Protein chains: 2
Amino acid sequence: MSSPKKTMPSAAPPAVSMADLARELGVSMTTISRALSNHHSIGAATKQRVLKLAKKLNYQPNHLAAALRKGQSRLLGVVVPYIEGKFFPSVIQGIEQAASKAGFSVIVCQSHEDVQLERRNVETLLNAQVAGVLVSLARNTQEFHHFDKVRQRGVPLVFFDRIPPTEQVNSVVLNDREGAFQATRHLLEQGCRRVAHLAGPQHLNIYRHRRQGYLDALAAYSIVPDEDLIITSDMTTEDGAGATRQLLALPEPIDGIFAAGDSAILGALQVLKAQSIRVPQEVALAGFSNEGFTAITEPQLTSVDQRCEEMGQAAVRLFLELAAAPDAPFVQRQVVLQPELFVRESSRQGAPLS
Amino acid sequence: MSSPKKTMPSAAPPAVSMADLARELGVSMTTISRALSNHHSIGAATKQRVLKLAKKLNYQPNHLAAALRKGQSRLLGVVVPYIEGKFFPSVIQGIEQAASKAGFSVIVCQSHEDVQLERRNVETLLNAQVAGVLVSLARNTQEFHHFDKVRQRGVPLVFFDRIPPTEQVNSVVLNDREGAFQATRHLLEQGCRRVAHLAGPQHLNIYRHRRQGYLDALAAYSIVPDEDLIITSDMTTEDGAGATRQLLALPEPIDGIFAAGDSAILGALQVLKAQSIRVPQEVALAGFSNEGFTAITEPQLTSVDQRCEEMGQAAVRLFLELAAAPDAPFVQRQVVLQPELFVRESSRQGAPLS
DNA sequence: TTGTAGGCGTTATCAG
DNA sequence: CTGATAACGCCTACAA
């Protein structure tokens, strides 16, 4: 049992620092720092010596110290409501790809659809001195002061998908209205005339826009919207099932449903099948998000794809632009991605009976 | 336009520090520090004054500095192969829950099934001075030196689900062998006598154990394993489909398939249905992971549940134990969770025809 | 091209 | 109970 050099609180093993390298080589820390960071004013020979020793002693830079010193790290913070399903993992995938290309690491936090957690996540990230924050809002976020701190600290802030309603912000969104329009129009083209809409919480931009796109399509076909056919919920599978039962109880039958989310349209499908109502012959279905399971159900579900990876990449690009010009005055920037409708059996007339 | 106090490289806004509080109140930084960290030797009155001013000036502690000083942060690093599907998000959910209860924040990295990225992730986490590292291995990780560094630095290291084969490590795993045994035995109980196995990469503990559990069950029924019935692949849906076609081409027909993953069993189901082979009457199916889609397919898929949340919580508990006794000599610890078989239509004889 | 010295914000040690 | 002081590891004027 050898006693440690100094009184260490925990058995912290000898993490080798720049000072160690300097002592070993008999040069100053400045030289070490320069060699390691590839500074221009450094002798090629010295540099090699330093790099070699660093490798030999397994030197690991302490980014923490560097971040403290510079007030900036190479960390990018991401806050999403949750990571189940396909959408957010895919967006994160896009973010990691683009970030890594630019030399940033990504740390992901979930708000679990809770503002309070979202607030804590933002603070955690700020205290970790992240170089930027990318956020998709929690469902119940109606108040946005926790983001003021981010801007006050001069940390670039980019929202994606679920963005604040009124604030002047930088954001990347899907053209949800267009996506909903395409899906609904597609149902109408297939011959549907009484198309219902399963809508999501209307304080969220995405669901508001999807509802609007639905209305646009009806208008394009000169159909007067029927309030009874629009049911707003949290868009779970159960919500979708319940809403569908409600719709089926209406005196005048429906012949199509466009849901603002795939879980809800799945619930609808399950209820219709349980009641032996044929899809798409009697009721055609279209959802939103192009979740993985849309290709598994029978019939497969028509859905709007959200360009997840592109969204993540665009968010990072936006961040990089902002980071490149820290003192530039604020100008609102918004990237709008175009959705793509994936037509599958649930809406295609003439689809084979299961 | 007011000029900044000092020459700042970027427009870093005035982050209020402990020094500011000290100056404002005319006390020392020590006092501030103590008041903020609830140290025992501090006057109640002074403490209140400090806390009040801190709130007023919106003081935000710089955890970075604290971590640098203490060599320890309240951050917990997690490395997983990917976050699609149900398993890893659920485990992460369990981790976040348990960690947050203990006052830790969680940062998640994906290795994307790539050792090199895994290595980089580990370094990123170490350099962020995380208090602990929780890892589930990438598929192609066969070499483990990057984890030595973690231990060398005295940072608690816990593996979960996918763990190194030989190393002396702390880990949380499912009893995969038992789960596979239950699933296969269940198929045999339903009357199957030629049960095939879709196996995963055998250098991963989980797939090796699942294969063994399959063999155990056969042995329990005195069935001699047939190598032709065991097909090893990467377990994607396509792999499962291909393997199933291969199995159907055998001279002697099979009557059951146990797959070590749900994607593969999904592929099997799709091929069987395409060939109008009835499930479960002609071929019964069972998978592993209890993915969300197992309850969506027709018939619904029997699968082994992995206790995801519990796994995450157990991993954190293990970490906390290790962190509580930093100088304790290494003793290998392993938590083994019991799986649960979810029996659904794909294996239940007497299930209604679709 | 290299070295010196000061500080980023916090905590720990020691002395009052 | 409080205060001065020295670190933690790194970066960067400024001087040599």
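Basis of the calculations
Counting starts from 1 at the beginning of each chain's written sequence and moves along it residue by residue. A letter from A marks each chain and a number from 1 marks each ligand, given out in the order of writing. Local features in this predicted model are restricted to residues whose pLDDT is 70 or higher, and side-chain atom pairs enter the listing and the counts only when it is 80 or higher, whereas totals over whole chains, interfaces and linings include all residues. Only heavy atoms go into the side-chain values, all of them from the structure, while hydrogens and water stay out. UniProt positions are given in the numbering used here, feature names are shortened, and annotations may be inferred rather than shown by experiment. The secondary structure listing takes helices from DSSP runs of H or I that are at least 4 residues long and strands from runs of E that are at least 2 residues long, numbered from the N terminus. Note on geometry: axes are lines fitted to C-alpha atoms, helical ones only across the stretch in contact, with angles between N-to-C directions running from 0 to 180 degrees. Throughout this description, any angle smaller than 35 degrees is read as roughly parallel, any larger than 145 degrees as roughly antiparallel, any in the 65 to 115 degree range as roughly perpendicular, and the remainder as oblique. Working rule for handedness: look at the near helix, and if it is turned counterclockwise from the far one by less than a right angle, call the crossing left-handed; if clockwise, right-handed. The contact rule is simple, with two residues in contact once any of their heavy atoms fall within 4.5 Å. Under the grouping applied here, Gly and all other residues not named as nonpolar or charged are polar, the nonpolar ones being Ala, Val, Leu, Ile, Met, Phe, Trp, Tyr, Cys and Pro and the charged ones Asp, Glu, Lys and Arg. One heavy atom within 4 Å of a molecule or strand makes the whole residue count as near it. What qualifies as a polar contact is a pair of N or O atoms within 3.5 Å, subject to a donor-acceptor requirement within protein and to the restriction that residues adjacent in sequence count only when both atoms come from side chains. Here's the idea: put two parts together, see how much 1.4 Å probe accessible area each one loses, and the total over both is what we call buried area. For this analysis, a salt bridge means a side-chain nitrogen from Lys or Arg found within 4 Å of a carboxyl oxygen belonging to Asp or Glu. Here, nonpolar core refers to any group of buried Ala, Val, Leu, Ile, Met, Phe, Trp, Tyr and Cys residues whose side-chain atoms link them within 4.5 Å. Buried means the residue's accessible area, taken with a 1.4 Å probe over protein chains only, is under 20% of the maximum for its type, while exposed means over 50%, and partly exposed covers the values in between. Only residues with pLDDT of at least 70 in both copies contribute their C-alpha atoms to the least-squares superposition of the copies. Regarding the arc, it is the one traced by the directions from the helix axis to the C-beta atoms. Two strands qualify as a pair provided DSSP detects at least 2 bridges between them.

Draft legend 1. Just the UniProt feature "domain: HTH cro/C1-type" (unreviewed entry) in chain A, in detail. The UniProt record annotates "domain: HTH cro/C1-type" (unreviewed entry) at residues 17-64 of chain A. Span residues 17-64 of chain A is 65% helix and 0% strand, its end C-alpha atoms 12 Å apart.

Draft legend 2. Main features of the packing of helix H1 (residues 18-25) of chain A against helix H2 (residues 29-36) of chain A. Residues and elements named next belong to chain A. At their nearest, the axes of H1 and H2 sit 8 Å apart, and the two run at 115° to each other. Taken together, the axes of H1 and H2 are roughly perpendicular relative to one another. In this structure, H1 crosses over H2, and the sense of that crossing is right-handed. Within the contact between the two elements, H1 uses Met18, Ala19, Leu21, Ala22 and Leu25 and H2 uses Met29, Ile32, Ser33 and Leu36. Grouping the constituent residues of the contact of H1 with H2 by class yields 8 nonpolar, 1 polar and no charged.

Draft legend 3. Quick look at the protein's contact with DNA strand C. Taken together, the neighbourhood of DNA strand C is formed by 24 residues, with Thr30(A), Thr31(A), Met29(B), Tyr59(B) and Arg69(B) sitting nearest. When the atoms of DNA strand C within 4 Å of the protein are grouped by moiety, sugar and phosphate amount to 56% of the total. In this structure, Ser28(A) approaches DNA strand C through a main-chain N or O atom, which is 3.0 Å from a phosphate oxygen. Of the residues that constitute the surface near DNA strand C, the class distribution is 9 nonpolar, 10 polar and 5 charged.

Draft legend 4. Seen up close, the interface of chain A and chain B. Each side of the interface is counted separately: chain A has 44 residues, and chain B has 45 residues. Both faces combined, the contact of chain A with chain B buries some 4000 Å², and carbon together with sulfur accounts for 54% of it. Its largest share of buried area at the contact with chain B, chain A owes to Leu64(A), Asn127(A) and Ile296(A), together 16% of the area lost on that side. If you look at where chain A meets chain B, you find 2 salt bridges. Residues Lys273(B) and Glu298(A) are paired through a salt bridge, measuring 2.1 Å at the closest nitrogen-oxygen approach.

Draft legend 5. Region of interest: the nonpolar core. Within the largest apolar cluster, 151 residues are counted, with the highest numbers of intra-cluster contacts made by Leu134(A), Phe160(A), Ile257(A), Leu134(B), Phe160(B) and Ile257(B). Phe160(A) has contacts with Val78(A), Val79(A), Val80(A), Phe88(A), Val91(A), Ile95(A), Leu134(A), Val135(A), Ser136(A), Val172(A) and Met311(A), leaving out every residue within four places of it along the chain. By size, the runner-up hydrophobic cluster in this structure holds 40 residues, among which are Leu126(A), Phe147(A), Val122(B) and Leu157(B).

Draft legend 6. Spatial organisation of the environment of Val304(A). Residues and elements named next belong to chain A. Positionally, Val304 belongs in strand S10 (residues 302-305). Sequence-wise, Val304 and His197 are 107 residues apart; in three dimensions their C-alpha atoms are separated by 14 Å. Excluding its chain neighbours within four sequence positions, the residues that come into contact with Val304 are Gly179, Ala183, Gly287, Phe288, Ser289, Asn290, Pro339, Glu340 and Leu341.

Draft legend 7. Fine view of the relation of the copies chain A and chain B. When chain A is fitted onto chain B, the two copies agree to an RMSD of 0.1 Å after a turn of 180° and an axial shift of 0.0 Å. Expressed as a symmetry operation, the mapping of one chain copy onto the other fits a two-fold axis. When the interface residues of chain A are mapped onto chain B, 100% of them again lie at the interface, so the same face is used by both copies.

Draft legend 8. Representation of helix H2 (residues 29-36) of chain B within the structure. Residue and element names in this part refer to chain B. Those residues of H2 that sit buried are Thr31, Ile32 and Ala35. Viewed along the axis of H2, the buried residues span an arc of 100°, placing them on a single side of the element. Check the buried side of H2 and you find it contacts helix H1 (18-25) and helix H3 (44-56). Backbone geometry just after H2 places Asn38 at a positive phi near 60°.

Draft legend 9. Up close: the sheet that holds strand S9 (residues 284-288) of chain A. All names here are of chain A. Within the open sheet, the 6 strands sit side by side as S7-S6-S8-S9-S10-S12. Their pairing is mixed. Lying at the two open borders of the sheet, with one neighbouring strand each, are strand S7 (230-232) and strand S12 (340-342). Recorded for the sheet is a direction-independent mean angle of 15° between the axes of neighbouring strands. In this sheet, S10 lies alongside S9 in parallel orientation, the contact comprising 3 bridges. What sits directly across from Gly287, in S10, is Ser303. Its contacts with the sheet place helix H8 (residues 176-189) against strand S6 (195-199), strand S8 (256-259), S9, S10 and S12, and it is angled at close to 170° to S9.

Draft legend 10. Geometry of the pattern of salt bridges. For the structure on display, the rule yields 34 salt bridges over all chains. Ionic pairing is found between Arg307(A) and Glu310(A), a salt bridge with its closest N-O pair at 2.9 Å. For Glu113(B), the salt bridge identified is with Arg162(B), shortest N-O distance 2.9 Å. Taken together, the residues Glu113(B) in the loop between strand S2 (105-110) and helix H6 (115-127) and Arg162(B) in the loop between strand S4 (157-160) and strand S5 (170-174) connect sequence positions 49 residues apart.

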